[in-house]
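These are the residues of each chain, in order.
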Amino acid sequence: MGEFKVHRVRFFDYMPSGIRALAFNGDTERMAVARMDGSVEIFHCSDRFFQEKIIPGREQCGIEGLSWVGERLFSAGLNGGITEYDLTNQKVKYTIDAYKIPWYTFLVGCEDGTVKLFEVNEDKIQFERNLDRQKSRIVSLSWHTSGSKIAAGMMDMIQIFNVETGHSIHRMLADRGVGTSRSKECVVWSVVYLSDGTIVSGDSVGMVKLWDDQTGTLIKSHNVTKCDVLALSVSQNEDSLVAGTSEGTVVQFQFVSMVLGKDDKEWVRTRTFKNHTHDIRAVAEITTAVVSGGMDAQLVVKPLLDKIEVRSAASALRKIHFPHRRLVFCARNSGLMLFQYPGHLELWRLGESEGKGSSLFVKRNPEKLLHLKVKGEDHIRCSAVSPCGEWIVYSTASSLRLYRLHYQRFLFLFFQISKLPKVLSSANQLCFSSDSSHLFSASTQSSVHIVSLSQSGCKFVGTLKPKSGSHQAIHLLAASEDGEWLASANSDHEVHIYNLQTRKAHCTVPVYSSAVTAMGIHPTTNCLFMMYADQQMCEYSIEQKQYTDWSRTVQRKGLHRLWMERDTPCLNVMFNPQNPSHVILHDTYMLCIIDQSLPLPDDKTQFYNQLTLKSLTEDQRKSHSHAFKVCKTFKDILCVELISDQSLVVVERPLEDVATQLPAPIKQKKFAT
Amino acid sequence: EECIKCVEITGGQCASLSHGCRFVLCASGDLVKVYSTRTEEWLHSLQGHTNQVTGIALNPANHLQVYSCSADGTVKLWDFIDGILIKVQLVLYKCMKLCVSAWPECFQLVAVHLPKSAEQEVEAKEMSVVSSHISSNPSCTAFGRGGEYIAFARRLQLNVYFFRKQKTCSFSLKATDKKGAQNAFTCITCHPTDDCIATGHEDGKIRLWRNFIHKKEYTYSTQHWHHNAVNTLCFTPEGTHLLSGGIESVLVQWQYGAGNRKEFLPRLGGSILHISASSDGQLFCTSHSDNKITVIESSFKVCGVLQGLVKGDAVLTDLMIDPRSKALVLNGKPGHLQFYSLLRDKHLYNLDIVQQEYIYEAGLDQFEVAKAAFDIKGSWLATVEERGQKSSDLEFFLKLWAFDERTQSFVLNTTITAAHTDRIISMCFSSSEETTMLVTIAEDGQFKAWCQGADNQNFWSCDFVGSYHNLKPTNCSFSADSSLLAVSFQEVITIWSPETWEMLTTLCQPPGIIRDLCFGRLSCSKYLLGTTTRNLLCCWNLLTCALEWSSSVEVSKLQPDPLSENVAAFSYQSKHTDLFVFKPSEPRPLFTNKNVCSEKVHRAVFVPREELLNNCDESSQWLNRSQLYFLTQNMDLLTFSTATEEDRMLSSSKQLVIDDSVAVTPFYLLLGKHRQQQQKLNTQSHPAADKPQQPQGSVTIKELLHTPAHVLPAASVLCSMFVNSLLISNTGEMDSEKEEEDSEEEMEACDSQQELRVQGSVDEVMLKLSKAQERELKRVRKTDFSWMADLIDSKP
């Protein structure tokens, strides 16, 4: 099914950042994830945990807590500020200084021992007052549902405050550990205030304790681990509680009646999940699953089988390692690669090889041409390299920079284009036209600015605006090979197609319930090929403004079960120039070529049939082959790109390499070691 | 007339502690045995079942009663203190556990409603089939809180049947998890007060199931300590702890509801098969695979061990009799030899042969005692221990142990590391009293004679190495006077003189490899017997060196009686074993018993009797001097006993029961002495003379002792009657004293007689003393003091 020369790239040292906080919004089914580097990501829980939005972080901006208020997202960080995010434009809205290392949002516990109360106004939050000042620092906070009481976890104790008076009602002392840890103070890492007046605390001794807020007494304590219990989360109907430990285990507690059919219920430790290797810093129980994240930078969605109606691929165990965005860009015609790190860009030239066979001898090693550091504190939001390799552009939340590269045989020139049109102040997504003559920059309100590039500099050409008037940011752009069409996809799942000649909106693809994860315009037929988060695929003819016949057959016949069960979204759509019926797709675990001329497989046919085909004769092969050719040779794929000399670039980031760069986990004694 | 009797075996599969922790009940064969927890002594057995007792359970309504069920299809209710059968329930099927019944192939769970009825024998007709798919393992079934539901498991499925709703909820696990661990259920128990089911699994995990009323929202927590399957689980009666045990022979106590907090009691012996807790939670008892019950205090301290005949995986050694203690010696604990007193039916001690820590884990190849032999006086013991029977690299040691008079035990004398180059097949000591010599034969084609070194060297060394045409030896035997040694090499028997180590002759015989070899005893010592693999039993006359007779029997074990000419031969044919007892001099058997048991018999021994029996019956005469014990493949030790013996045993046990019916209390001591004394009176004095005074007293006492306490009138009513009964003899003597008033000499004689009668009784002595004083008093009273009156009168 086509032979390609493959550049197997493993020198992209991408390190996902550890997860620090999680917040779940039950109404919109969105999960906000804050990472160690200060970035905030929004996942859509009911759309196969697609990473809808990424708000890049800043240098020295550690987020310690996240909270939803309605549909507004707040975070509090170690730099002493409370931040509200503008989710439509995927940026920070404003930051308020809450004085010295706060902890939690809009009810802020400070490192100096105060609990500050903020009022959430329509557009801002306003400081209201302080509660009684305490001596030790406040590590965790939790509201009672009535809003009249607050539980605060501190060093060695938990306090309950009355919000009206601001006074402390109860002080509950947490025991220190035994033995050598006796001298260390016990940090109450997490508290949860349940509506029935029970306070649950997780501390550094490894205990999950249940307290009565009326009497301030301990009801029950569970020894969960030998190390710390770092995170607690309760389900919405308060019948289940999960605790994340620094051993990497998530322990579930359930509110179960001890005698069947009676109402006297107790919290009982039930299941233990071990999916992490490092500290779990945040857990959240959503309706059907437990989500946990920690130092090992993976987000684990563990489904709770008792809450799932139908078992399906959508409700399977899911581990999210890499962002659902592209971090690698290829200059198709010049063999250059641009790697996007949070704080810098790297430009590499691919190596060359000679010989034939399954593995080739490397004639010239890949070479790092450029290491471009970001100016300012903000992290890179998006970047791009032009197909000819002459232009590099990146954007942070506050600025956009365009660079021109010029290389002769031994001379390598690199300079920044200083005079940029004013509209190019910042971009959500960047894209070059295939002939490298234009730069498309996605801006606010789903608009796309067009800038023409030339030797002398750049010139603003015009702005494309959608008819729908959506305000959501664009996360995908695709330009056609002939320079006639541009497609943009935004977080509202809208896909707009613009005519670049007339600079007007051409049409809109019918809105589908799932988000677009990758799209591409076919070079010869000018059909837009789209991949969705729920693994569906569509082909839309731009010229005829309707789905193609092939797309309709796919919808009618349905896709194979094994295809639908994959748990990572497709991240790139490419077209084989030698065979126009070939569409090349990839996700984290596989590379797939779809041959549109072959029949589609149904659920009875064997999906991974390469080996069987090999053993058959030519004639038999025809009857057995189907449209999907899956290649699983590569693992942990970040990017696959087709470059002009008919070779594929596969950028891998093996998880083992990521694991070796993580800090050492807590040492545990294992049986028989 | 003979009957096969199963030797008492303690342990069995289930044990149960009685209320108040005083008795341990355990199922053993077709008996339920009652032991005292304090003294560890056997009290009595509950006899009545005709087949294996499969389960016992205390009657929750009456703590003095116990239900037992058996494979004979009955459920019986016993008063276990008195050993009285109260009620019999016919269930028709084989009961595997209480309320668990079994068809031959598929096991069914049947709820039996025990009808309330006063009749002794009740047929349970009201039965409802709960499930037809349950595990044959009885520990996979358990009743839940208050008997509201029953939980049972089969392989990977847990079912809970609610009696009230008549509904079954079932939950299943995956066959294996990602790590390849086995999830199959092995045991189940239910929490006494909470709705929580604890299940043990093949991979050693324990799961605690909750909320199992819902099909979907059930939940469980997992705990893991055991590295092999969990054999048994038990909640303490308060439900605060969960006890678990497995092959590791460690009793693990989990704190209920506190996750991983647990306590251990390691090194309990064989793997734990069953755990039960007394209803007050004071004692636990564990039964082990090596036929042992350990009684453990709630503070996790072993306070008693009831050890039966240690049942290992296999008996590799022969059955032997220790000539000194007359104890049966065979493999015991792993790496040990056990000494078991057959007379007292009690395990004496274990002799550590291997002297290495045994690791209780499945699949390990560890040293095992493979052979053992005693010399004729019992002062030497030779043992062979082996490792790696299955693999090619075999390791073995020959050890010689000397009996130490001072410590009264065997002490290691010599360890020979490379006695042979290959496995030792057999060994025997010479049977003469003067010189002790050991002969070993091995697969390397040699036989070696070992002697204690000359010039008072204490250790043993090789004296002679012999072989015959490089053939592999199969067996060896010394003649009764040790003048001849017979070693069989495949089809050839060679006769050697141990004095000169000269081969005297060879005896060839019809084809077939020689298996067993033995010399005749006493008057038949000129005969040599041998068995071959080709189903032949041959007898040679050593004087003529010719075959005397042969017969075609497939003999699996040939055992000579050391005290008589008799030889016992076990033959295994068409799935049952027959026994023949014969004298080598004649080919006609003295005694035959067809179908002794259904398994093959490989080990047998004649145990000399303490006192000779005088059986005139010809067929049982062979049992007069010694008793034959034999071990089946199921590790059941069986024996033959005669009818008279059986009768005697029965009567003695009955007597015991009557005596035991009164608990030993201070009150009993007082009354018992009184009764004993009365019995003595009966025997000593003339019966006719005692008759008038006897009845009243003894009847009252008997009434007191034999009427159940709850039907007795109040103690205040009884008191006067009781005291009167005690005083009766006293009044009788008073009567006699009235007569004695006439002649004092007679009275003296009478007194001495009384003294004889009443010796030993403190009360009576006290009474007697007061009587003497009384008499003194009377005499004083009788004496005329009128002269004093006169004297007083005259004074003024």
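Owing to the predicted nature of the structure, the values given are computational and were not obtained by experimental measurement.

Caption draft 1: Layout of the interface of chain B and chain A. Residue-level contacts link 20 residues of chain B with 18 residues of chain A. A buried area of about 1700 Å², summed over both sides, lies between chain B and chain A, and 52% of it is on carbon and sulfur atoms. It is B:R210, B:K216 and B:T219 in chain B that bury the most area against chain A; as a group they hold 29% of the surface buried on that side. On the surface where chain B and chain A come into contact, there are zero salt bridges. Here chain B and chain A share three residue pairs in polar contact (both at pLDDT 80 or more) between them.

Caption draft 2: Examining the sheet that holds strand β36 (residues 391-396) of chain A more closely. All names here are of chain A. Across the sheet, four strands lie side by side as β35-β36-β37-β38; this open sheet has antiparallel pairing. In this open sheet, the two strands that pair with only one neighbour each are β35 (380-385) and β38 (412-416). Ignoring which end each strand starts from, the neighbouring axes of this sheet average 15 degrees apart. Direction of pairing for strand β37 (residues 400-407) relative to β38: antiparallel, over a ladder of five bridges. Looking at β38, one finds that R404 is bridged to F415.

Caption draft 3: Spotlight on the sheet that holds strand β55 (residues 637-643) of chain A. All names here are of chain A. Sheet architecture is open: three strands sit in the order β1-β56-β55, paired in mixed fashion. The open sheet is flanked by β1 (5-9) and β55, the only strands paired with a single partner. The mean inter-strand angle of the sheet, taken between neighbouring strand axes irrespective of direction, is 15 degrees. Of the strand pairs in this sheet, β55 and strand β56 (residues 647-652) are connected by six bridges, and their pairing is antiparallel. Bridging from a neighbouring strand, E641 pairs with V649 of β56.

Caption draft 4: Region of the structure containing the nonpolar core. Residues and elements named next belong to chain A. Judged by nonpolar contacts, the single largest core of 22 residues is most densely connected at F529, M531, M537, W563, L585, I594 and F628. Only β48 (527-532), α1 (549-557), α2 (561-564), β51 (572-575), β52 (582-586), β53 (591-595) and β54 (628-631) provide two or more residues apiece to this core. Those residues in contact with F628, other than ones at most four positions away along the chain, are M537, L559, W563, C592, I593, I594, L600, P601, F607 and N609.

Caption draft 5: How the structure looks around the pairing of strand β3 (residues 23-28) of chain B. All names here are of chain B. Counted residue by residue, β3 has six buried out of six residues, so it is predominantly covered. By the alternation rule, side chains of β3 split into F23, L25 and A27 and V24, C26 and S28, which are all buried. Hairpin remark: β3 followed by strand β4 (residues 31-36), antiparallel, with two residues in the connecting loop; positive phi at G29, about 60 degrees.

Caption draft 6: Structural view of empty space enclosed by the protein. Enumeration over the complete set of coordinates arrives at four cavities of 30 Å³ or more. As a volume, the second largest cavity reaches approximately 90 Å³. Of the residues belonging to the lining of the second largest cavity, the class tally is seven nonpolar, four polar and one charged.

Caption draft 7: A look at the pattern of salt bridges. Residues and elements named next belong to chain A. Evaluation of the coordinates by the stated rule reveals 31 salt bridges over all chains. Here R8 makes a salt bridge to E652, at a shortest N to O gap of 2.7 Å. Separated by 644 residues along the polypeptide, R8 in strand β1 and E652 in strand β56 bring together distant segments of the chain. One salt bridge in this structure joins R349 and E367, with 3.2 Å as the shortest N-O distance. One end of the pair, R349, is in strand β31 (residues 344-349); the other, E367, is in strand β34 (residues 367-373), and 18 residues separate them in sequence. Taken together, the shared-partner salt bridges connect R8, R10 and E652 into one network.

Definitions and limits used
- Residues numbered from 1 in each chain as written.
- Chains lettered and ligands numbered in written order.
- Predicted model: local features only at pLDDT ≥ 70, side-chain atom pairs only at ≥ 80, totals over all residues.
- Heavy atoms only, no water.
- Contact = heavy atoms within 4.5 Å.
- Buried area = accessible area lost by both parts, 1.4 Å probe.
- Salt bridge = Lys/Arg side-chain N within 4 Å of Asp/Glu carboxyl O.
- Polar contact = N/O pair within 3.5 Å; in protein donor to acceptor, adjacent residues only side chain to side chain.
- Pairing = 2+ DSSP bridges.
- Helix = DSSP H or I, 4+ residues; strand = E, 2+ residues; numbered from the N terminus.
- Axes fitted to C-alpha atoms, helices over the stretch in contact; angles between N-to-C directions.
- Core = buried A, V, L, I, M, F, W, Y, C linked by side-chain atoms within 4.5 Å.
- Buried < 20%, exposed > 50% of the residue type's maximum accessible area, 1.4 Å probe, protein only.
- 1 Å grid on protein atoms, 1.4 Å probe; cavity = no way out; pocket = protein on both sides within 12 Å on 5 of 7 lines; lining within 4 Å.
- Points joined across faces, edges and corners; volume = space filled by probe spheres on them.
- Nonpolar A, V, L, I, M, F, W, Y, C, P; charged D, E, K, R; others polar.

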